[in-house]
Amino acid sequence: TFHQGEKRMILSLDTELAKLTAIAAEKGVTTKRIPASDVIVSDWVRFKCRFGCKGYAKHFGCPPYAPSPHETRAMVGEYQTGLLLRFDGVPGHESFGPDDLPEDFHHFYKDLILWVNTTVHMIEKTAFYDGFYKAFGFGGYPCIFCEECIAEQCEGVVDESMRRKCRHMDLVRPSMESAGIDVFATAKNAGWELSTIPCRDMEYGKVIHSNIVSIGLVLLE
């Protein structure tokens, strides 16, 4: 009957979530199951990328190559269940302060960025091959699969069509923030209270402590 089929689907999803949670735990990552309706997409988020971030248009996981908030909102609306991933700390840098950060700090966080994005990719692909064919992940931060992204090397018009030049098309996913997802509000809906990290004298990137929390998301079905 319809109800029997529905029950089997719920059990299948629960089993998959348990499996994905175990995989994440092996990588030191905490997870929370959330309804897709708790994923908050806001237009203002994209403005933070366009105005204020030095990585704008330099990485294929970032705007303007990432989906717009309008596209993300519509896409998230096609899902019911997601898995939120929480990454605590910065691999390779247990404790640091503003004096430890180089002016171009992107590569300082390389291990962190790879931790977040490779885990998101693994969770997405595992779910996909387990039959959750709609699975799609959102990572965090500007992509760092290449030492320098082709997007930063190319001249001319900057638009989404340039993604065809990506060297790692199979790996790159949009970051949550680049696609318009309000990471703070979404994490709060999962019971995780995030806060901004002050920078010394409000200087760009010179964070005063290393207690950094990063968030990823995989939508399942």
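Since the structure is predicted, the reported quantities are computational estimates derived from the model, not experimental observations.

Caption draft 1: Looking closely at the pairing of strand β2 (residues 81-88). Of all eight residues that make up β2, seven are buried, and the element is covered over most of its length. Bridge count for strand β1 (residues 30-35) against β2 is six bridges, and the pairing is antiparallel. Looking across to β2, one finds that Arg33 is bridged to Leu83. Pairing geometry for β2 and strand β4 (residues 213-219), over seven bridges, is antiparallel. From the neighbouring strand, Gly82 faces β4, where its bridge partner is Leu219.

Caption draft 2: Geometry of helix α4 (residues 110-129). Here α4 spans 28 Å end to end across 20 residues, near enough to the 28 Å set by a 1.5 Å rise per residue. Within the span of α4, buried status applies to Leu112, Ile113, Trp115, Val116, Asn117, Thr119, Val120, His121, Ile123, Glu124, Thr126 and Ala127. Where α4 terminates, the next one or two residues include Gly131, which has phi positive at roughly 110°.

Caption draft 3: Molecular detail of the environment of Gly89. Checked against the element boundaries, Gly89 lands in the loop between β2 and α4. A residue is classified by how much of its surface remains accessible, and Gly89, at 21% relative accessible area, is partly exposed. In this structure the C-alpha to C-alpha distance between Gly89 and Ser210, which are 121 residues apart in sequence, comes to 6.9 Å. Beyond its immediate sequence surroundings of up to four residues, Gly89 is in contact with Leu112, Trp115 and Ile212.

Caption draft 4: Highlighting the sheet that holds strand β3 (residues 136-138). If you trace the four strands from one edge of the open sheet to the other, you get β1-β2-β4-β3, paired in antiparallel fashion. Either end of the sheet is taken by a strand with one partner, and the two such strands are β1 and β3. Neighbour-to-neighbour, the strand axes of the sheet open up by a mean angle of 20°, direction not taken into account.

Caption draft 5: Examining a nonpolar patch on the surface more closely. Where nonpolar side chains cluster on the molecular surface, the patch consists of Phe128, Tyr129 and Tyr133 and spans about 420 Å² of accessible area. Considering the arrangement of structural elements, one finds Tyr129 in helix α4.

Caption draft 6: Here's a closer look at the state of the cysteines. Following the criterion strictly, the structure yields zero disulfides and no others. The structure places no disulfide on Cys49, whose sulfur is separated from the nearest cysteine sulfur, that of Cys53, by 6.1 Å.

Caption draft 7: Empty space enclosed by the protein, seen in detail. According to the stated counting rule, one finds three cavities of 30 Å³ or more in the structure shown. In this structure, the largest cavity occupies an estimated 90 Å³ of space. Here the residues of the lining of the largest cavity sort into nine nonpolar, two polar and two charged. One number sums up the size of the second largest cavity: a volume of about 50 Å³. Lining the second largest cavity, in full, are Gly61, Asn117, Gly140, Tyr141, Cys143, Phe145, Val172, Arg173, Pro174 and Ser175. Of the residues in the lining of the second largest cavity, the class split is five nonpolar, four polar and one charged.

Cut-off values and rules
- Residues numbered from 1 in each chain as written.
- Predicted model: local features only at pLDDT ≥ 70, side-chain atom pairs only at ≥ 80, totals over all residues.
- Heavy atoms only, no water.
- Buried < 20%, exposed > 50% of the residue type's maximum accessible area, 1.4 Å probe, protein only.
- Helix = DSSP H or I, 4+ residues; strand = E, 2+ residues; numbered from the N terminus.
- Pairing = 2+ DSSP bridges.
- Expected span 1.5 Å × (residues − 1).
- Contact = heavy atoms within 4.5 Å.
- Axes fitted to C-alpha atoms, helices over the stretch in contact; angles between N-to-C directions.
- Patch = residues over 30% accessible without salt bridge, like charges linked within 9 Å, V, L, I, M, F, W, Y side chains within 5 Å.
- Areas by Shrake-Rupley, 256 points an atom, 1.4 Å probe, with all protein chains shown as cover.
- Salt bridge = Lys/Arg side-chain N within 4 Å of Asp/Glu carboxyl O.
- Disulfide = S-S within 2.5 Å.
- 1 Å grid on protein atoms, 1.4 Å probe; cavity = no way out; pocket = protein on both sides within 12 Å on 5 of 7 lines; lining within 4 Å.
- Points joined across faces, edges and corners; volume = space filled by probe spheres on them.
- Nonpolar A, V, L, I, M, F, W, Y, C, P; charged D, E, K, R; others polar.

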